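Below are the chains, spelled out letter by letter.
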Amino acid sequence: MKVAEAVGRALHAAGVGQVFGVVGSGNFHLTNAMVAAGSRFVAARHEGGAATMADAYARMSGTVAALSVHQGPGLTNAMTGIAEAAKSRTPLLVLAAEVTEPRSNFYVDQDALARSVGAVSARVTSAEDAVTQALDAVRRAVCERRTVLLNLPLGVQALDVPDVPDDVSTLAVVPPERAPVEPEFAEVEALARVLDKSRRPVFVAGRGARSPGARDALVALAERHGALLATSAVARGLFHGDPWSLDVSGGFASPLAAELIQEADLIVGWGCALNMWTMRHGRLIGPDTTVVQVDDDASVLGAHREVHLGVTGDVELTARRALETDDANRQSQQGKQARQGQQSQDAGQGFRTADTGAAIAARVRWRDVPYEDTSTRERIDPRTLTIALDDILPAERVIGVDSGNFMGYPSMYLSVPDENGLCFTQAFQSIGLGLATAIGAALARPDRLPVAALGDGGAMMGAAELDTVRRLELPMVVVVYNDDAYGAEVHHFGPDGHPLETVEFPPTDIAAVARGYGFEAVTVHTRADLKAVEDWLAGPRSAPLLIDAKVVADRGAWWLEEAFRGH
């Protein structure tokens, strides 16, 4: 058995069941070996799209996914998607063929490429160690939550592997997920004391809290201390339906959410970086607010801003330990009060007053914030468009969002059922990833209607993957917010009188482009044009649908100032 086949079989046995990529001569045998072993391979039209599909699939499925690429240009084509995955700490395995002869036209320093974007580099170096080295790469991806580039030199791939057992699963002992980190007792005690003193606490949950168990633990702890609940954008939906949820904290926060977070005397980030986006460059943190950060990676504590207390631990475990500590402390206090003839005091209500609850119910959603509809007969206000789509589209949805001036509208005006309803590949802020994001998310969540929300710039960048949507027969809705420009630059530089010819484009009939790929398509100028979307939803959905929405381009989105602050 050759190394390529042995490694492919072992990776499948280790749980790598989903592979994306573009196959060339260098990764042909490896990819086919994984397929023969039982892994599913999705052929993208471009390696960049394949990388983002794999990233999104891993995020939404909770499993490690693989990207398979040719040596040299196959890898360089994929680097933007790999950078996004690496910056997001997505457990992803990049399988890249490699030439080792510097005179080859395919030669690049693949190790340096990986390091430059924050990925981990590994290599298969011999036939004897090939399977072990491949499995070590999977373990590192899973246990360290890292994007790992596994280089597979062409010469090594072709070698014969000695003594490979027929059942390679005996070698592939890889844990399905990272082991939860138990917090230190002293740190939990300190957290419990801070919570007990707080009168206006806010919990902000991030990527590290995206699980039902973490959600339940945080909801219970928040109820105990009267805390309001918010998330970062990547964890949006975690507290969906909770009457004390503020939705997203940061640049996307509604006016009421921002106001309440600024009034907090304690902000606890749970698996959340508390970075410039989530805290609006620190402006959501009051001058006297205590800041606590809980994360299972000690190196990230205080990385973006000073914290008064850092707790190293798994979010769910830490929240449950804090509840247990509360219980023990209160029993002790009640016993002391009983001995002294005093009446025990119940926990304070914190932020959870009737007035606050009524305000959240009425005004925390962006769609409930009054606005002047600037729609015309030719162009629709993106707020009006998105509110209408929120009403039309099924509630069980999974949304992939591209970057650009438009991105706040689908990210905040379209509701999501839970933390698996929005796939937000924005750590690198590259445009052009949205369609591939939606494809990966759709494959991970086939029980939901996939929705891709794109700007016209990103849609044209990623248009090749429209073929992938049609080929996979995904019942996807692709919404293009089409303002015939790179809107972020138009609204950032236009007010200062800079020339905008480099960022504005002639009108493009993106609906016609989609029809060429086999889509159904509709061009939307007014709310009435969305009747075609309702008809598509009521029909067989035998082909995907693209909505070319001609949106008003008279203003920058509310979050645009935040996006450019500090650039």
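Before reading further, recall that the structure is shown in the block above.
Notes on the structure in this doc start here. (Residues numbered from 1 in each chain as written. Predicted model: local features only at pLDDT ≥ 70, side-chain atom pairs only at ≥ 80, totals over all residues. Heavy atoms only, no water.)

**Details of the pattern of salt bridges**
1) Next: Taken as a whole and judged by the stated rule, the model has 32 salt bridges.
2) Next: Salt-bridge contacts for Asp-467 lead to Arg-45; the nearest nitrogen and oxygen are separated by 2.8 Å. Here Arg-45 lies in the loop between strand E2 (40-43) and helix H3 (47-61) and Asp-467 lies in helix H18 (residues 466-471), a separation of 422 residues in the sequence.
3) Next: Overall, the relative accessible area of 53% leaves Arg-45 in the exposed class.
4) Next: Its salt-bridge partner being Asp-390, residue Arg-397 comes within 2.7 Å of it at the nearest N-O pair.
5) Next: The class of Arg-397 is buried, set by a relative accessible area of 2%.
6) Next: According to the relative accessible area criterion, Asp-390 is buried, its value standing at 10%.
7) Next: Several salt bridges share partner residues, and in doing so they unite Arg-367, Asp-390, Asp-391 and Arg-397 into one network. (Salt bridge = Lys/Arg side-chain N within 4 Å of Asp/Glu carboxyl O. Helix = DSSP H or I, 4+ residues; strand = E, 2+ residues; numbered from the N terminus. Buried < 20%, exposed > 50% of the residue type's maximum accessible area, 1.4 Å probe, protein only.)

**Describing the pairing of strand E4 (residues 92-98)**
In the case of a regular strand, side chains alternate between the two sheet surfaces.
1) Next: With respect to burial, E4 is a largely interior element, seven of its seven residues being buried.
2) Next: Neither face of E4 is open: one carries Leu-92, Val-94, Ala-96 and Glu-98, the other Leu-93, Leu-95 and Ala-97, and all of them are buried.
3) Next: Relative to strand E6 (residues 147-153), E4 is paired through seven bridges, and the arrangement is parallel. Opposite Leu-93, over in E6, you have Val-148 as the bridge partner. (Pairing = 2+ DSSP bridges.)

**Notes on the nonpolar core**
1) Next: Membership of the largest hydrophobic core comes to 54 residues, with the highest contact counts inside it found for Leu-67, Ile-82, Leu-435, Met-476 and Val-478.
2) Next: Formed by 41 residues, the second largest nonpolar core is a distinct cluster that contains Met-412, Tyr-413, Leu-449 and Ala-453. (Core = buried A, V, L, I, M, F, W, Y, C linked by side-chain atoms within 4.5 Å.)

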